[in-house]
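Survey of secondary and tertiary structure
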Amino acid sequence: MFIFQILKKFAAIILIICLLLDYPIALGSFISDTFGAGENEGLSAGSPWIDSDLPENVTAFSESDPREDYHLYAGKDILLQKKYLEGYSIWNYYSDASSLVSDRAMKLLAEQKQTGHNAELLYDTYDLLIDWDTRNSNGMGEIKRLTDPVLNADSLDELTDYLLTEEALVFLVNFISLSVDISINDSTHYAVYLDPEDLLLDDAAEYSSRTELGDMTAAYNEKMFVYLAGRLGIGESEARDMLEQARDLEEKMSLKLSTAEEMMRDDYIETANNEMSFKELEKLSVNFPLADIVEASGLKYDGKYIVSDQDYLEYLNEIYTDENLEAIKSIVYINALIDLAAYADREAYDFETDTTNECYDSSYWYTDEENAYYTVKELLCEPLQELYVEEYGVDEDRKEMEELCLGVIECYREMLSENEWASQETIDYAIKKLDSIRLCVAYPDKWTDYSDLSVKGCSLLEAIEKITMFYQRMDCARLGGEVDNECWAAETDVLDCNAYYSNSENTIFICLGMMEEPFYYKDMSTEELYASVAGFWVGHEISHCFDSNGARYDAEGNLRDWWSKEDKAEFRRRIDKLDDYLDTIVPFEGYHVNGKSVDTEMLADITGLQCALRMAKKEKDFDYDEFFRKYSVLNLVISNYSSELEELLQDQHPLGYLRTNVVVQQFDEYYETYDVKEGDNMYLAPEDRIKVW
Ligand SMILES: [Zn+2]
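Residues numbered from 1 in each chain as written. Predicted model: local features only at pLDDT ≥ 70, side-chain atom pairs only at ≥ 80, totals over all residues. Heavy atoms only, no water.

**Comments concerning the overall build of the protein chain**
Quick reminder of the rule: The secondary structure listing takes helices from DSSP runs of H or I that are at least 4 residues long and strands from runs of E that are at least 2 residues long, numbered from the N terminus. The reference for a compact globule is 2.2 Å times residues^0.38; the radius of gyration itself is calculated from the C-alpha atoms. Between buried and exposed lies partly exposed: a residue is buried under 20% and exposed over 50% of the maximum accessible area for its type, with that area taken using a 1.4 Å probe on protein chains only. In this analysis, two residues are considered to be in contact whenever any of their non-hydrogen atoms come within 4.5 Å of each other. Under this rule, positive means Lys or Arg and negative means Asp or Glu; His and the chain ends count for nothing. To locate a charge, the coordinates of NZ of Lys, CZ of Arg, CG of Asp or CD of Glu are taken.
Counting secondary structure elements, the protein chain contains 29 helices and 10 strands. The C-alpha radius of gyration of the protein chain comes to 25 Å, within 12% of the 26 Å expected for a compact globule of 693 residues. For the protein chain, the spread of C-alpha atoms along the principal axes amounts to about 75 × 60 × 55 Å. Among the 693 residues that make up the protein chain, the fraction classed as buried is 62%. Restricting the contact set of the protein chain to residue pairs at least 6 apart, pairs at least 24 apart contribute 76%. The averaged location of the 145 negative side-chain charges in the protein chain is 4 Å from the averaged location of its 58 positive side-chain charges.

**Remarks on the coordination of the zinc ion**
The test is simple: Only nitrogen, oxygen and sulfur atoms qualify as donors, and only when within 2.8 Å of the metal (3.2 Å in the case of Na, K and Ca); with water excluded, sites may look incomplete.
Protein coordination at the zinc ion comes from His540 (NE2), His544 (NE2) and Glu601 (OE), with a distance range of 2.0 to 2.1 Å. For the zinc ion, the single-chain donor residues occur in sequence as H-x3-H-x56-E. Residues His540 and His544 agree in their burial class; the two are buried.

**With respect to the environment of Leu439**
With respect to the helices and strands, Leu439 occurs in strand β7 (residues 438–442). Under the relative-accessibility criterion, Leu439 is labelled partly exposed at 21%. Not counting chain neighbours up to four residues away, the residues in contact with Leu439 comprise Glu402, Cys405, Leu406, Ile409 and Ile508.

**Here we look at helix α17 (residues 346–360)**
Here is the rule we go by: Each residue after the first adds 1.5 Å to the expected span of a helix.
End to end, α17 covers 21 Å across 15 residues, agreeing with the expected 21 Å (1.5 Å per residue, within 8%). When α17 is considered as a whole, its buried residues turn out to be Ala348, Tyr349, Glu352, Thr353, Thr355, Thr356, Asn357, Cys359 and Tyr360. Looking at the buried positions of α17, the neighbouring elements they touch are α5 (132–138), α9 (212–231), α16 (325–340), α18 (368–379) and α27 (641–650). Positive backbone phi, approximately 50 degrees, marks Asp361, located one or two places after α17.

**Brief notes about the layout of surface pockets**
Under the convention used in this document: Here a cavity denotes grid points, spaced 1 Å and computed from the protein atoms alone, that fit a 1.4 Å probe unable to get out, and a pocket denotes an open set having protein on both sides within 12 Å along at least 5 of 7 lines; residues with an atom within 4 Å of a point are the lining. Grid points are joined across faces, edges and corners, and a volume is the space filled by probe spheres set on the points.
The volume enclosed by the largest pocket comes to roughly 540 Å³. Taken together, 19 residues make up the lining of the largest pocket; nearest its centre are Gln610, Arg614, Phe667, Lys691 and Trp693. Elements with a minimum of two residues in the lining of the largest pocket: α25 (595–617) and α29 (668–674). Take the lining of the largest pocket: its biggest share by element is four residues, from α25.

**What to know about the pairing of strand β3 (residues 176–182)**
Convention followed: If DSSP finds at least two bridges between two strands, the strands pair.
With seven of seven residues buried, β3 lies mostly within the body of the structure. With seven bridges joining them, β3 and strand β4 (residues 190–196) adopt antiparallel strand pairing. When the sheet's bridge partners are listed, Ile176 is paired in β4 with Pro196.

**Comments concerning the sheet that holds β4**
The following threshold applies: Under this scheme, a helix contributes an axis fitted over its contacting stretch, all axes are lines through C-alpha atoms, and angles between N-to-C directions fall in the 0 to 180 degree range.
Pairing is mixed across the open sheet formed by four strands, whose spatial order is β3-β4-β6-β5. Each of the sheet's edge strands pairs with one partner strand only, and the pair in question is β3 and β5 (274–276). Sheet twist, expressed as the average angle between the axes of neighbouring strands with direction ignored, equals 30 degrees. Pairing between β4 and strand β6 (residues 305–307): three bridges, direction parallel. Residue pairing across strands places Val192 opposite Tyr305, the latter belonging to β6.

**Overview of the packing of α25 against helix α26 (residues 624–634)**
Keep this limit in mind: For classification, angles of less than 35 degrees are called roughly parallel, those exceeding 145 degrees roughly antiparallel, those between 65 and 115 degrees roughly perpendicular, and all remaining angles oblique. Handedness of a helix crossing follows the sense of rotation of the near helix relative to the far helix, less than a right angle counterclockwise being left-handed and clockwise being right-handed. Each residue is assigned to one class: nonpolar for Ala, Val, Leu, Ile, Met, Phe, Trp, Tyr, Cys and Pro, charged for Asp, Glu, Lys and Arg, and polar for all the others, Gly among them.
Contact geometry of α25 with α26 gives a least axis separation of 12 Å together with a crossing angle of 155 degrees. When the interaxial angle is binned, α25 and α26 end up roughly antiparallel. Handedness of the α25/α26 crossing: right-handed. Contacts between α25 and α26 pair Asp605, Leu609, Ala612, Leu613, Ala616 and Lys617 from the former with Tyr624, Phe627, Phe628 and Tyr631 from the latter. Class assignment for the residues of the contact of α25 with α26 results in eight nonpolar, no polar and two charged.

**Observations concerning the packing of aromatic side chains**
Our working rule: Any Phe, Tyr or Trp ring, taking Trp's six-membered ring, that has another such ring centre within 6.5 Å forms a pair; planes under 30 degrees apart are called stacked, those over 60 apart edge-to-face, and the others tilted. Put simply, a charge is over a ring when the Lys NZ or the Arg CZ is close to the ring centre, within 6 Å, and near the line of the ring normal, within 35 degrees.
Under the criterion given, the structure shown has 44 aromatic pairs. Judged by centre distance (6.4 Å) and plane angle (20 degrees), the ring pair of Trp421 and Phe571 falls under stacked. Taken together, the residues Trp421 in the loop between α20 (395–417) and α21 (424–435) and Phe571 in helix α24 (residues 565–583) connect sequence positions 150 residues apart. Trp421 sits in the buried class, given a relative accessible area of 17%. Taken together, the ring pairs connect Tyr70, Tyr73, Tyr530, Phe622, Tyr624, Phe627, Phe628, Tyr670, Tyr671, Tyr674 and Tyr683 into an aromatic cluster. Over the ring of Trp132 we find Arg346; its NZ or CZ atom is 4.4 Å from the centre of that ring.

**Things to note about the pairing of strand β9 (residues 507–511)**
When you tally the buried positions in β9, you get five out of five residues, the bulk of the element. Going residue by residue along β9, you find Thr507, Phe509 and Cys511 tucked away on one face and Ile508 and Ile510 tucked away on the opposite face as well. Here five bridges tie β7 to β9, and the two strands are oriented parallel to one another. Opposite Arg438, over in β9, you have Thr507 as the bridge partner. The sheet contact formed by strand β8 (residues 499–502) and β9 spans four bridges and is antiparallel. The residue of β9 that forms the bridge with Tyr500 is Phe509. Where β8 hands over to β9, the hairpin turn is made up of four residues, of which Asn506 adopts a positive phi near 45 degrees.

**What about the side chain of Glu669?**
Rules: Contacts described as polar in this section are N or O atom pairs within 3.5 Å, which, within protein, must combine one atom able to donate a hydrogen with one able to accept it, while residues neighboring in sequence count only if both atoms come from side chains.
Structurally, the position occupied by Glu669 is in helix α29. A polar contact of 3.4 Å, which involves the side chain of Glu669, links it to the side chain of Lys617. Those residues in contact with Glu669, other than ones at most four positions away along the chain, are Leu613, Lys617, Tyr624 and Phe628.

**Regarding the confidence of the model for the protein chain**
The line we're drawing: Residue-level confidence of the predictor, termed pLDDT, takes values from 0 up to 100.
On average, the protein chain scores 90 in pLDDT, and the residues at 70 or more come to 93%. This model gives residues 4–43 a pLDDT under 50, and the stretch forms 135 contacts once residues within four places in sequence are excluded.

**Brief notes about the pattern of salt bridges**
Our working rule: The salt bridge definition used is simple: a Lys or Arg side-chain nitrogen within 4 Å of an Asp or Glu carboxyl oxygen.
Under the defined criterion, the tally for this structure stands at 46 salt bridges. Note that Asp484 and Lys446 form a salt bridge whose closest N and O atoms lie 2.7 Å from each other. Of this pair, Asp484 sits in the loop between α22 (460–478) and β8 while Lys446 sits in the loop between β7 and α22, placing them 38 residues apart in sequence. The partly exposed category is assigned to Lys446, whose relative accessible area is 35%. Between Arg478 and Asp475 there is a salt bridge, and its shortest N-O distance comes to 3.6 Å. Taken together, the residues Arg478 and Asp475, both in helix α22 and three residues apart, mark about one turn of the helix. By relative accessible area, which is 19% here, Asp475 ends up buried. The network of salt bridges with common partners includes Asp266, Glu270, Arg552, Arg572, Asp576 and Asp579.

Here you go:
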């Protein structure tokens with residue numbers, strides 16, 4: 001299903017693009033207005049610190065001491081003051097900076113003053129989304145037209161024929177997910193990635209060991225599907241039968257799939273790196289039409305397919321039979337209705353919002369303009385960026401940011417040169433890799449040409465189909481050819497407040513949305529600049545070259561071991577020490593941190609701060625208190641419980657309060673600044689501290 005590969009662009013873990021943050025923003029809620037209502041009311045068990053990302057854990061009475069809980073000490077006043085933006089479930093400074101950029105971009109779409117092909121393309125798509133009269137008069141009609149052939153298929157052959165049509169390939173699930181990206185084994189060429197499609201409960205582990213998050217998702221799916229099926233004339237008991245059939249088959253499939261936890265481990269990429277030829281895919285297509293789907297998607301070529309889960313593909317042959325026809329139809333149909341509800345009429349759209357809020361205990365709500373903007377941004381990310389840059393321009397900041405990045409890289413060079421545990425050979429290669437980093441700041445130098453794409457005269461779903469097919473043609477054209485580094489991936493969202501490191505390109509992307517307050521502004525003090533750019537941000541991203549994941553890639557971005565056996569063992573020992581420590585941390589009752597899931601991001605945080613402190617040493621009269629406070633404040637998060645749980649269970653980034661506390665407690669400068677001693681809650685004995693680089 002191509003369309004949702006665009007909309008969920010960061011879902012595929014195999015692409016290994018490391019984000020500075022990856023907070024879900026689709027679920028929203030307001031903070032309750034009950035701050036300070038009672039002494040320590042709602043405090044949940046947490047060790048060694050309470051989870052101060054949860055608003056119920058922070059009141060005016062919460063104790064804040066730099067030696068006990070540094071994150072709460074530095075951020076308590078702000079946590080008590082800030083609230084979610086209307087309609088969101090999370091507040092952090094990323095959301096503040098993002099909204100600055102999105103307000104400007106939304107204005108461009110609403111005012112429609114710019115001219116040219118891309119502007120027209122954006123306005124036409126925006127108008128289709130915001131035109132509720134037409135959407136209401138179409139009702140569920142387009143969705144019915146797309147999904148009726150699934151319901152009416154009397155045999156597996158009939159269903160397969162339909163799944164191989166263009167519109168089905170765009171909008172419906174077919175058990176596999178295809179994407180084109182730079183090859184992890186040859187970074188000069190593109191490859192086709194072949195992954196399992198997401199299950200209805202997202203994480204395969206939810207089918208054998210259900211969490212609260214799985215319960216929320218199951219309740220959401222059930223409510224949405226019963227309602228949407230009802231709108232298409234299917235009675236509640238029939239809808240529930242379909243849900244049960246789908247769940248039973250997915251339960252069997254889940255046993256063959258990697259869990260979210262397994263996919264977050266740093267060695268997952270090696271398990272998932274199985275190169276196959278089209279001929280080999282054909283051999284795998286006994287009952288399941290794998291080769292036919294690849295060919296119908298225009299992705300048959302002489303090169304390699306990188307298959308993450310061969311066992312799963314083999315298993316599809318066992319279950320893709322006429323005996324399971326009804327269950328297979330149910331999976332396709334349920335996914336289609338739930339995924340497409342957002343493009344139907346007002347009633348379906350509102351029902352989806354209400355159901356999200358009810359099931360995830362949030363108050364997510366977008367204005368029509370916001371909803372249209374976010375969808376346009378997902379569908380036509382690059383043309384929107386081009387329009388934005390044309391209007392607001394950031395060239396001056398861009399040059400300054402490039403220079404700052406080079407300064408941080410220079411500091412890493414010193415840090416690596418002085419390393420005491422790795423062999424000279426390993427260090428020399430690490431420096432070579434460092435020097436090969438490509439910096440992509442603010443926006444690409446070359447934009448993709450969209451002049452072949454127009455959505456004039458289309459209905460909303462027709463427009464989405466045309467846009468999706470445009471990307472598909474672009475992907476097909478890339479196969480076999482060399483990678484063009486001047487163009488950034490079409491889904492790189494530079495309007496986002498974020499930064500990324502791409503292993504397969506050895507490249508850092510600094511999005512222009514990140515070049516806003518409080519992350520970057522003209523009159524920053526040296527302390528603020530080092531805490532933010534050198535430590536929190538650019539330093540963090542550079543560290544991804546050498547974290548437990550990035551260290552598996554060479555200077556050209558290929559998955560290739562460049563370590564001596566001894567150095568690798570020592571590196572692993574240091575990461576294991578970090579994992580063991582993280583495993584002891586309990587954010588709230590019933591859940592502990594999984595070190596192996598978050599160690600790459602935690603190591604990036606620790607090494608980033610290490611770099612910033614190294615830069616600080618060269619400054620006269622450096623104010624460490626100001627530095628640590630700034631660093632801590634940038635990590636502030638206010639999150640509702642379901643988002644926090646999702647972050648803990650399914651995200652490679654540690655929770656916000658841990659990104660301060662675990663990080664600062666590794667450094668002497670923190671102990672000296674706040675006179676932290678043995679017995680204090682923030683204290684770690686020198687021999688227990690983590691120092692990887
Ligand atoms: Zn990161």
